[in-house]
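Single-letter residue listing:
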Amino acid sequence: MTERDSKRLLTGEIDVVVVGAGFSGMYLLHRLRALGLSTMVFEAAGDVGGTWYWNRYPGARCDVESMQYSYSFSPELQQEWRWQEIYAPQPEILRYAQHVAERFDLRRDIRFETRVESARFDRARARWEIVTDRGDRVSARYCVMATGCLSAARMPEFPGVETFRGPIYHTGHWPHEGVDFSGQRVGVIGTGSSAIQAIPVIAEEAAQLTVFQRTPNYSIPAHNRPMPPEYEAMWKRRYPALRARAWETRNGIVYDLNDQSALDVDDETRRKIYEQRWAAGGIPFMAAFNDLIINPAANETAAEFVRQKIREIVHDPETAAKLTPTSYPIGTKRICVDTNYFATFNRRNVTLVDVRKTPIEAITETGLRTSATPYAFDALVFATGFDAMTGALNAITIENDAGERLADKWAAGPRTYLGLMAAGFPNLFMITGPGSPSVLSNMMVSIEQHVDWVVRCLKDLRARGAVGIEASVQAEDAWVAHVNEVAHRTLYPQANSWYMGANVPGKPRVFMPYIGGVGAYREICEKVAANNYEGFRLLAPVAAAAE
Ligand code: FAD
Ligand code: NAP
């Protein structure tokens, strides 16, 4: 079954269906093929790349350094690819994904522009029946959801959206041909990572930019620059050792963690350390001390340092005050990394509106209306984020043989064993699912770890003559309890973040990713596999047929 753009419907039996052709789905396909398993990937987009296919907004780039935000599985690939900047922009990451697709001849087993609508498990046959929006109907022994944690873009339900006469863009669904804002009055809703990257670039082009902010964010300068050749050479020389080190870290990124409490040094030393981290830029700011995410007093020292920076950068004290986060600890919402974000508010063509004080009441024909003022715009940009971690999964009707739906099982919050499988849903894997380090990490590291684990698992199942694997309810309960317990030892649950589902009205407030750390988590997964897949039950062919 190797049809790509064919209009012919796909039917029949294969070993594995993978949903999604971002970095997870692409690597899965490569590994599953090598295992000799027949594999078909379904992808809603027109090409590979996932996040980097969809998020083409101005300023989009990664905030994990390019030398680390890349695949490690192929020594040749990591040697031959040349990143142009410390933090690669979206077009370069997309080109990289396309290069990988070509280099490993992936596209011939990917059916693009095809959305998986449902997956139903037939226990008697130990097979998933997958149905797509084209009408394909494929039976697969295993189904792997590589659907992405940040792939279900979210449009808040403001009344009147359909009445606006100009274009409305979402950062997560940006037009391929780009957008020219020259001479336009533009409104941006949201001030998360996407908005923080887009705002400085749009501000340079638009005649007027109005930013509607509900919650201010902590942001650290990226200090992005062209890739220094000696830095690239150092990484390439030491890749095996540095990649291995990343696997052992908390978040899959190699950088210096200062293993000292922020409260164990005097004020002057602490300030110096923060200044050095600010000058170096990026996510490693949060590794200035070892207790920033667990100790409120330690956290406050870092938060106050960043607040002071905002006050120094932003000239107008009222605007600076609006931009200053005070309602949650630093780092408990995804820390942002920017290029000129705060300074952009010194521009005469940029205005900040606090919609916590004066909420957006409606989108109008000519712009939008807050509780205080009507605004006129030529274009609106929604940088309003995603139904994270569960959104893309719950959009698919995933049903087991008892008629239970995954979305119903997760009504009070996602429940998984290791973020890899959910009890009651055999042979269905998730890549970077809720309950795994996932979005708290360099995702490339977590993706590769999950794919490697799943592939090894399928190989072991085949070697043992099993036709499937299922997480036990007890193992899942214990894992969910552990995930919660670890999360509540930190300050993370104090913020209304998308990690907590707080950005989607009605979504249960549960801390979704596993915060125990990439290194510790990898060890647990390894032990589980080595221990005869402890917490899982293997399905024997006879048992599967008899049930
Ligand atoms: P995705 O890239 O999201 O791919 C999932 C694919 O599945 C999508 O193409 C989607 O169309 C497809 N899909 C979903 N549902 C269906 C369906 N029902 N049928 C068919 N296809 C479906 N992570 C980092 O570690 N560092 C960063 O700097 C970073 N920057 C980011 C910047 C942005 C703007 C965003 C949104 C995310 C960023 N991330 C970052 C997280 C990023 O999502 C991951 O790094 C990584 O790209 C995820 O890859 P994936 O393949 O798991 O998922
Ligand atoms: P986000 O962090 O969820 O930000 C969404 C923004 O929209 C928030 O400011 C939110 O305000 C606001 N918003 C949502 N609904 C609103 C409403 N009804 N009224 C007013 N404001 C509303 O989404 P994102 O910026 O797209 O980022 C999502 C994640 O993707 C990031 O956290 C990160 O993991 C990843 N990402 C990474 C990068 C990078 O630097 N590499 C770039 C972009 C994205 P509240 O805060 O009040 O909810």
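Before any of the text, the structure's been laid out above.
Structural notes on the site of ligand 2
Logical step 1: In the vicinity of ligand 2 there are 25 residues, among which Thr 191, Ser 194, Arg 214, Thr 215 and Lys 333 approach most closely.
Logical step 2: Arg 61 has a polar backbone atom sitting 3.0 Å from a nitrogen atom of ligand 2.
Logical step 3: Alone, ligand 2 offers 910 Å² of accessible surface; in the complex the protein occludes 89% of this.
Logical step 4: Of the residues forming the shell around ligand 2, the biggest block, three residues, is contributed by helix H5 (residues 193-205).
Logical step 5: Here the shell around ligand 2 is composed, by residue class, of nine nonpolar, nine polar and seven charged.
Logical step 6: Formed jointly, the shell around ligand 2 draws a minimum of three residues from each of two domains, domain 1 (3-152 + 388-546) and domain 2 (185-228 + 245-382).

Observations concerning the site of ligand 1
Logical step 1: Around ligand 1 sit 32 residues in total, of which Ser 24, Glu 43, Thr 51, Asp 63 and Tyr 69 are the nearest.
Logical step 2: Here an oxygen atom of ligand 1 sits 2.6 Å away from a polar atom, N or O, in the side chain of Ser 24.
Logical step 3: Contact between ligand 1 and Tyr 69: an oxygen atom at 2.5 Å from a side-chain N or O atom of the residue.
Logical step 4: About the coverage of ligand 1: the protein hides 95% of its 980 Å² of free accessible area.
Logical step 5: Secondary-structure elements contributing two or more residues to the shell around ligand 1 are helix H1 (23-34), helix H2 (51-54) and helix H13 (443-463).

A short note on the sheet that holds strand S7 (residues 168-170)
Logical step 1: Pairing in this open sheet of five strands is parallel, and the strands run S7-S16-S8-S9-S12 from one edge to the other. A strand with exactly one partner marks an edge of an open sheet, and here the two such strands are S7 and strand S12 (350-354). Within this sheet the neighbouring strands show an average axis-to-axis angle of 20°, counted without direction.
Logical step 2: When strand S8 (residues 185-189) meets strand S16 (residues 379-382), the two strands line up parallel, connected through four bridges. The partner of Val 188 across the bridge, within S16, is Val 381.

Points about the nonpolar core
Logical step 1: One finds Phe 23, Phe 181, Phe 285, Phe 429, Trp 453, Leu 458 and Phe 536 to be the most contacted residues of the largest nonpolar core, which totals 144 residues.
Logical step 2: Sort the elements by how many residues they give to this core and H13 lands first, with 11 residues.
Logical step 3: Shared between two domains, this core takes at least three residues from each, and those domains are domain 1 (3-152 + 388-546) and domain 2 (185-228 + 245-382).
Logical step 4: Excluding its chain neighbours within four sequence positions, the residues that come into contact with Leu 458 are Val 16, Leu 32, Leu 35, Leu 37, Tyr 142 and Phe 429.
Logical step 5: Membership of the second largest hydrophobic core comes to 27 residues, among which are Leu 10, Ile 14, Leu 393 and Phe 425.

Definitions and cut-offs
- Residues numbered from 1 in each chain as written.
- Chains lettered and ligands numbered in written order.
- Predicted model: local features only at pLDDT ≥ 70, side-chain atom pairs only at ≥ 80, totals over all residues.
- Heavy atoms only, no water.
- Near = heavy atom within 4 Å.
- Polar contact = N/O pair within 3.5 Å; in protein donor to acceptor, adjacent residues only side chain to side chain.
- Areas by Shrake-Rupley, 256 points an atom, 1.4 Å probe, with all protein chains shown as cover.
- Helix = DSSP H or I, 4+ residues; strand = E, 2+ residues; numbered from the N terminus.
- Nonpolar A, V, L, I, M, F, W, Y, C, P; charged D, E, K, R; others polar.
- Domains from an automatic or database assignment.
- Pairing = 2+ DSSP bridges.
- Axes fitted to C-alpha atoms, helices over the stretch in contact; angles between N-to-C directions.
- Core = buried A, V, L, I, M, F, W, Y, C linked by side-chain atoms within 4.5 Å.
- Buried < 20%, exposed > 50% of the residue type's maximum accessible area, 1.4 Å probe, protein only.
- Contact = heavy atoms within 4.5 Å.

Worth remembering: the numbers are spatial, not functional.
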